[in-house]
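Remarks on the overall topology
Next come the chains, spelled out residue by residue.
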Amino acid sequence: MRDINLPLPVARAVLRPIFRATLNQRAPWRMQRLLLEVGSAAQLVPAGTIIDQIRLGGRPAEKITATKTPRGAVLYLHGGGYAVGSPATHRSLAARLAHQTGSTVYVLDYRLAPEHPFPAALDDAEAAFLELVESSGYLPGQIALSGDSAGGGLSLATAQRLIARHGHTPAALGLIAPWTDPNQIPERDSDLVINRRWSRACAAAYLGGGDSSDPGYAPLTGELVGLPPTYVQVDVSELLHGQCGDLVEALRNAGVPVRFTESTGLWHVAQLQAALVAPAAAVLSELAAFLREAIQPAELRDLG
C-alpha cells in the first residue's frame, strides 16, 4: 500500500479529537486500549512485511522482517504511558524500521499497569533482551534498543539494567520523545496528543506502591556513563520537549555520543503516522539510518 501525504494542518485537525477521546484519564484503561487497537488499523504496513507472532522473554511479541537475510535486531518497546499500547498499535512504525534498517524488529508485548506496575515492564524487557542473546544467537552489540514515549524511558532503563547486571551493552538507543522521569510534572496542560492529567494517571498507575526515586522507574536519574550511542527525537511542541533536552544534556555530560533532533510542526510520536504524513516519515527514516549504522557498521555492510 502506498503512503498518504496529508498536509500537516489536516492531519492535526483529524488527530486531535481522536487523541482527546482515546487518551482520557476518565476512560477505563481497557477502553483506552481497545480504542487504540481499533485506530491502529489506519496505520499502513509496507508491502513485503513479514509478521510472526512469537514469545520472547516469556511474553507475546511480534517478530517483523522485511528481507530474507536480516542483520542484527532492534528490540522495540512501545509507548502508551506504561498503561496502553501494544505491538498492534506500533506495527506500522516497527515495520518501517524493519524495511529501512535491514534488521529484524521485535516488538514486545510487555505487561501493562495498573494491573502490573513497576518493575513488571522492565523485568519483561530485560528478559526479552537476554533471550535474544542467549537463545537467538545475537551478540549484545548486534541488538539496538528503541522505543517511544514510555517505551523510550523503558529502553533507557533496560540498557542501564543490562549494563549493570549482565555487562551487556546494546548497539544503540533510538528514543522517540522518551519519558525518562515520570516524577516530573509538565508545565503546560497538553499538547496535540497527551495531557497532564492523563500522564499523571499513567505515572501513578505505573508506580503502584513502588519507590518513585528508583532509577528503574525514572532512568533519567540513573547511571548514564557507559551507555551506547543514543539518538533522541522530539518535537518542540511536546510536553516532553524540556525533559528530552534535559536527557540529552545529561547524556553528553556523561560522555555518551548523542544525536538530537528537534522537529517543528509535528506532535508527540508523530512517527506512528509516518504512512500518513511525509515529515513524520522523514524523521523516522533518520532514526532508521542511525540504528542501521549502529547495528551494521559500514565495513560489515560492505561485506554483504
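Residues numbered from 1 in each chain as written. Predicted model: local features only at pLDDT ≥ 70, side-chain atom pairs only at ≥ 80, totals over all residues. Heavy atoms only, no water.

**So, unusual backbone geometry**
To keep it simple, the criterion reads: Put simply, DSSP marks the helices as runs of H or I at least four residues long and the strands as runs of E at least two long, and each gets a number from the N terminus on.
Note the cis peptide between A113 and P114, where omega equals 5°. With respect to the helices, strands and loops of the structure, P114 is situated in the loop between β4 (104-108) and α4 (120-134). The backbone of Y82 shows a phi angle near 65°, a positive value even though the residue is not glycine. With respect to the helices and strands, Y82 occurs in the loop between β3 (73-77) and α3 (91-101). A positive phi angle, near 45°, is found at A177, a position not held by glycine. When you line up the elements, A177 lands in the loop between β6 (173-176) and α6 (196-207).

**Considering the pattern of salt bridges**
For clarity, the cut-off: The term salt bridge refers to a pairing of a side-chain nitrogen on Lys or Arg with a carboxyl oxygen on Asp or Glu at a separation within 4 Å. When accessible area is computed with a 1.4 Å probe and restricted to protein chains, residues below 20% of their type maximum are described as buried, those above 50% as exposed, and intermediate ones as partly exposed.
Following the criterion strictly, the structure yields 10 salt bridges and no others. Ionic pairing is found between R165 and E126, a salt bridge with its closest N-O pair at 3.7 Å. With R165 in helix α5 (residues 150-166) and E126 in helix α4, the pair connects residues that are 39 residues apart, well separated along the chain. On the accessibility criterion, E126 (9% relative accessible area) is buried. Residues R196 and D189 are paired through a salt bridge, measuring 3.8 Å at the closest nitrogen-oxygen approach. One salt-bridge network, in which partners are shared between bridges, spans D123, E126, R161 and R165.

**Topic: the nonpolar core**
Inclusion rule: Here the nonpolar core consists of buried residues drawn from Ala, Val, Leu, Ile, Met, Phe, Trp, Tyr and Cys, with membership extended through side-chain atoms lying within 4.5 Å. In this analysis, two residues are considered to be in contact whenever any of their non-hydrogen atoms come within 4.5 Å of each other.
Counting residues in each nonpolar core, the largest one holds 72 residues, and the members touching the most others are L75, L108, L154 and W267. Residue contributions to this core peak at eight residues, all from α4. Not counting residues up to four positions away in its chain, the partners in contact with L75 are L56, Y106, L108, A125, A128, F129, L132, I143, A144, L145 and S146.

**Considering the side chain of E238**
Heads up, the condition is: Charge counting treats Lys and Arg as positive and Asp and Glu as negative, with His and both chain ends excluded. Here a polar contact is recorded for every N or O atom pair within 3.5 Å, except that within protein the pair must consist of a potential hydrogen donor and a potential acceptor, and residues adjacent in sequence are included only if both atoms are side-chain atoms.
Among the secondary structure elements, E238 is positioned in the loop between β7 (230-235) and α7 (241-253). At 8.2 Å, R188 is the nearest oppositely charged side chain to E238, a buried residue that forms no salt bridge. In this structure the side chain of E238 is engaged in a polar contact, spanning 2.8 Å, whose partner is the backbone nitrogen of D235. Sequence-distant contacts of E238, that is, excluding residues within four places in its chain, are made with A177, R188, D191, W267, H268 and V269.

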